[in-house]
Amino acid sequence: MSLIEHKINIQNNELEFFLEIIFRVFGYDFRNYNKAHVKRRILHRINNLELQSISQLQHKVLYEEGYFDMILRDLSINVTEMFRDPGFYKSMREEVIPILRTYPYIKIWHAGCATGEEVYSFAILLQEEGLYERAQIYATDFNPVVLEVAKKAIYPVQKIKDYTLNYQESGGKNLFSEYYVARYDSVIFDQSLKKNIVFAEHNLVTDSVFAEVNLIICRNVLIYFNKELQNKVISLFTESLIKGGFLGLGSKENLMFTDVFNQYQVIDSKEKIYKKIVTSLK
Amino acid sequence: MSYEAIVIGSSAGGLKALKIIFDNLNQSFTTPIIIAQHTSSRSESYLATFLNQDSHLTIKEAESGEKILRSHVYIAPPNFHLLVEEDFTMNLTVDEKVNYSRPSIDILFETAALAYKNQLIGIILTGANNDGAFGIKQINSFGGLTIAQSPESAEVPIMPQAAINTGCIDKIITLEEIAELISSICN
Ligand SMILES: C[S@@+](CC[C@H](N)C(=O)[O-])C[C@H]1O[C@@H](n2cnc3c(N)ncnc32)[C@H](O)[C@@H]1O
């Protein structure tokens, strides 16, 4: 990132207006994302394009091709990795899998799956636990570009060393290298992992309930939302989960202060795994 | 000028440096401090526990949505960026690394500058890269006070030197002097 000083600042009402326009024109609603994050990203974009104001950026986004995609990329942060937080997967194996095993058929929803690393990690875990064949996996994100990457299951080879460590720490049962083939500077994950996964566009802010599922994994997405939006999305999850279904959040996300906390039982407070204990109202 | 908050960025050698500052703070010091200390992404967080041992301040890891309070010191958790909101709460993100670092000092400093404007003190301590230099410029452009640990007193001089090279540093002093200065001006 450049060291050029930000010569401009954005007034909060200008930023709100910009987000309002984005919502009206493109349907993506960032109005309740955390402000410091959004403002910083937009400031850096303005700076990077060597523009003088947010209204100049707004003009480009509205009238020139490619600029909205840039903003979507700036605000959607697709950073992810395989077996991120190995303890989460370990806890899933130990606490959640034994219960999922009691169902003849299970549905799993990865919300905000980015480029798919988390989905394939969990698919590996399901295969090792012998549950993959009875699982239907939905993997959604609101950014169509990352979903295309996710569908391919091809990742840069430099990352494999870290992923292998994560996999081992997560309680992996095999050699990690059994799941991919390396080709030039990429690795391609096994086709058998894809079989039961459906990738689809879904916006947690503006779209409704996706399916009735046994497990929702939504990690490092809510962290970008303000309290109000977190509550709204958690309610959506609560509606989508069957009674006795599980919710797995990111390590710095929490159900504790949300409206629905009393509808869940804490399974693992460190790894943020919860079980829904009430029946849906519908 | 009254200062409402202090942000500190530190990297290699930072643990010892922070300890010296906290050991030398005046007992009546209550201004909130927010720290981005570089750590390896695989490390567990122990900095807060380490510093909290014999301080009159409550030193803890920052949580998302947490309000910034007096007599509190907040530390960015390993592998998360820490951002200050304009309503003086904090948020965490998993954005890509900045200057090879997460937490990034720049991100903390630039968002804190937007929130606290000229009522902010930014301090750069020992370290081996130039994270924080951009943040220092931002704090300076809002009229906040900027301090760098004197490079010759730093375990690793590169980071404070990079901050000094921006031309936006107001004071270049040792750790003991930093503690003394902030104790006196924040009283
Ligand atoms: C930081 S990534 C997290 C990826 C993965 N879950 C993990 O923890 O490694 C956040 C993802 O959430 C997606 N996202 C952000 N807002 C969203 C929304 N309103 N609806 C659906 N996905 C969203 C982004 O596109 C991005 O891919």
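Residues numbered from 1 in each chain as written. Chains lettered and ligands numbered in written order. Predicted model: local features only at pLDDT ≥ 70, side-chain atom pairs only at ≥ 80, totals over all residues. Heavy atoms only, no water.

**Student:** Could you clarify how one ought to interpret the packing of helix H5 (residues 86-100) of chain A against helix H6 (residues 117-128) of chain A in this entry?
**Tutor:** Axis angle and axis distance: for two packed helices, these are the angle between their axes and the distance between the axes, and together they describe the pair. All names here are of chain A. Across the interface, H5 lies against H6 with an axial gap of 11 Å and an inter-helix angle of 45°. Here H5 lies oblique to H6, going by the angle between them. Like other packed secondary-structure pairs, H5 and H6 cross with a definite hand, here right-handed. Across from Tyr89, Met92, Arg93 and Ile97 in H5, the residues of H6 making contact are Glu118, Ser121, Phe122, Leu125, Leu126 and Glu128. (Axes fitted to C-alpha atoms, helices over the stretch in contact; angles between N-to-C directions. Helix = DSSP H or I, 4+ residues; strand = E, 2+ residues; numbered from the N terminus. Parallel < 35°, antiparallel > 145°, perpendicular 65-115°, else oblique. Left-handed = near helix turned anticlockwise from the far one by under 90°. Contact = heavy atoms within 4.5 Å.)

**Student:** How should I be thinking about the confidence of the model for chain B in this particular structure?
**Tutor:** Interpretation of this model should avoid reading the predicted coordinates in detail wherever pLDDT is low. Residues at a pLDDT of 70 or more form 98% of chain B, whose mean pLDDT is 95. This prediction of the complex comes with two scores: 0.95 for pTM and 0.94 for ipTM. (pLDDT = per-residue confidence, 0-100.)

**Student:** What is the right way to read the sheet that holds strand E5 (residues 186-189) of chain A from this model?
**Tutor:** Hydrogen bonds along the backbone pair up the strands of a sheet, which may run parallel or antiparallel. All names here are of chain A. Strands sit in the order E3-E5-E4 across an open sheet of three strands; the sheet is antiparallel. The open sheet terminates on both sides in strands that have one partner only, identified here as strand E3 (154-156) and strand E4 (180-183). Strand-to-strand twist across the sheet, computed as the mean angle between neighbouring axes with direction ignored, equals 30°. Here four bridges tie E4 to E5, and the two strands are oriented antiparallel to one another. Each bridged residue has a counterpart across the sheet, and for Tyr180 the counterpart in E5 is Phe189. (Pairing = 2+ DSSP bridges.)

**Student:** Please clarify how the sheet that holds strand E7 (residues 120-124) of chain B should be interpreted in this entry.
**Tutor:** Residue and element names in this part refer to chain B. The sheet built from seven strands is open, its strands ordered E3-E4-E2-E1-E7-E8-E9 with parallel pairing. Each having just a single partner strand, strand E3 (58-61) and strand E9 (171-173) make up the two edges of the open sheet. Within the sheet, the average angular offset between the axes of one strand and its neighbour, ignoring direction, is 20°. Across four bridges, the pairing between E3 and strand E4 (residues 72-75) is parallel. When the sheet's bridge partners are listed, Glu61 is paired in E4 with Ile75.

**Student:** Could you clarify how one ought to interpret the side chain of Ser10 of chain B in this entry?
**Tutor:** With respect to the helices and strands, the residue Ser10 of chain B is situated in strand E1 (residues 5-10). Excluding residues that lie within four positions of it along the chain, Ser10 of chain B makes contacts with Leu18, Ile35, Ala36, Gln37, His38, Ile105, Leu125, Thr126 and Met159 of chain B.

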